[in-house]
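As a plain string of letters, each chain reads:
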Amino acid sequence: MDTIIPPPPPVLLPISGSLVGFPVRRVYCVGRNYAAHAIEMGHDPDREPPFFFQKNPDNLLAAGNTFPYPPLTSDVHHEVELVVALKRGGSDIAVEDALDCVYGYAVGIDFTRRDLQAEAKKAGKPWAAAKAFEHSAPVSAVVPAEAVGHPANGNIWLKVNGEMRQQGDLDQMIWKVPEIIAELSKLFTLAPGDVIMTGTPSGVGPVVRGDEVTCGVDGVAALAVTVL
């Protein structure tokens, strides 16, 4: 069928060592998935059912691009995360089958308008303006699982201007990757091209224009972003 306006171009993430891209369908995010970060944000870190929110596919910012400081905020925070890219999906996926859905992994940053998020929380309103704004999710190239396996532990970190801000280990996640996929598939029908940002360790904090942000998951991927 013809379209009344040109259809938007597909959102593609580069794949490490490949000339083809990974097409993104949806972007899911897990909230407060590291105990220390839950405490840092004033919440109980007990293992309650995970909660999810979404960013838009075109919020992803491929590696090699700068992050433009967004309008209507004076308090943008960095949150480094392991990113999971799915090659298949489904509903009610069993935990033991979940890793079969994973194509690969990346590292990303969930930039957050913290002041807008705080206002939304206080008013009981959605977080969309705080989380799903343009370029709010820089992401490295996707590394196929066949190259790195399925990391269950490993150093995850973020530096601003060379100073360590966030550092943790993947094994500190309250909900592990297979469990995240299983729980998410109870709420949504997952599909190839879905991307999951799995939560951030403690140490989140502000960035300002001119900052150089570097981050990584050791043994998986690294990313460098300049804030403009």
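Source: prediction; values computed, not measured.

Asks: Looking at this structure, I do not really get the overall build of the protein chain. What am I missing?
Replies: When its secondary structure is counted, the protein chain shows 5 helices and 17 strands. In terms of C-alpha radius of gyration, the protein chain reaches 17 Å, essentially the compact-globule figure of 17 Å for 228 residues. Counting only C-alpha atoms and orienting by the principal axes, one finds that the protein chain spans roughly 45 × 40 × 35 Å. The proportion of buried residues among the 228 residues of the protein chain is 50%. When contacts within the protein chain are restricted to residue pairs at least 6 apart in sequence, those whose partners lie at least 24 apart make up 76%. When the accessible surface of the protein chain is totalled, it reaches about 10,600 Å², and 55% of it is carbon and sulfur. Of the side-chain charges in the protein chain, 18 are positive and 27 negative, and the distance between the mean point of each set is 4 Å.

Asks: Mind showing me how you'd approach the environment of Ile-156 here?
Replies: The residue Ile-156 is located in strand S12 (residues 155-160) in this model. The spacing of Ile-156 and Val-204 is 48 residues in sequence and 13 Å in space, taken between C-alpha atoms. Not counting the four nearest positions on each side in its chain, Ile-156 is found in contact with Tyr-34, Val-80, Glu-81, Leu-82, Gln-166, Gln-167, Gly-168, Asp-169, Leu-170, Pro-201, Gly-216 and Val-217.

Asks: Please clarify how the pattern of salt bridges should be interpreted in this entry.
Replies: Any two side chains of opposite charge can pair, so long as their charged atoms come close to each other. In total, this model carries 6 salt bridges according to the counting rule given. Among the ionic pairs, Glu-79 bridges to Arg-114, the shortest N-O distance being 2.7 Å. Of this pair, Glu-79 sits in the loop between strand S6 (76-78) and strand S7 (80-86) while Arg-114 sits in helix H2 (residues 114-123), placing them 35 residues apart in sequence. For Arg-114, a relative accessible area of 8% corresponds to the buried category. Relative accessible area serves as the criterion here: at 4%, Glu-79 is assigned to the buried category.

What counts as what
- Residues numbered from 1 in each chain as written.
- Predicted model: local features only at pLDDT ≥ 70, side-chain atom pairs only at ≥ 80, totals over all residues.
- Heavy atoms only, no water.
- Helix = DSSP H or I, 4+ residues; strand = E, 2+ residues; numbered from the N terminus.
- Rg over C-alpha atoms; globule rule 2.2 N^0.38 Å.
- Buried < 20%, exposed > 50% of the residue type's maximum accessible area, 1.4 Å probe, protein only.
- Contact = heavy atoms within 4.5 Å.
- Areas by Shrake-Rupley, 256 points an atom, 1.4 Å probe, with all protein chains shown as cover.
- Lys, Arg positive; Asp, Glu negative; His and termini not counted.
- Charge placed at Lys NZ, Arg CZ, Asp CG, Glu CD.
- Salt bridge = Lys/Arg side-chain N within 4 Å of Asp/Glu carboxyl O.

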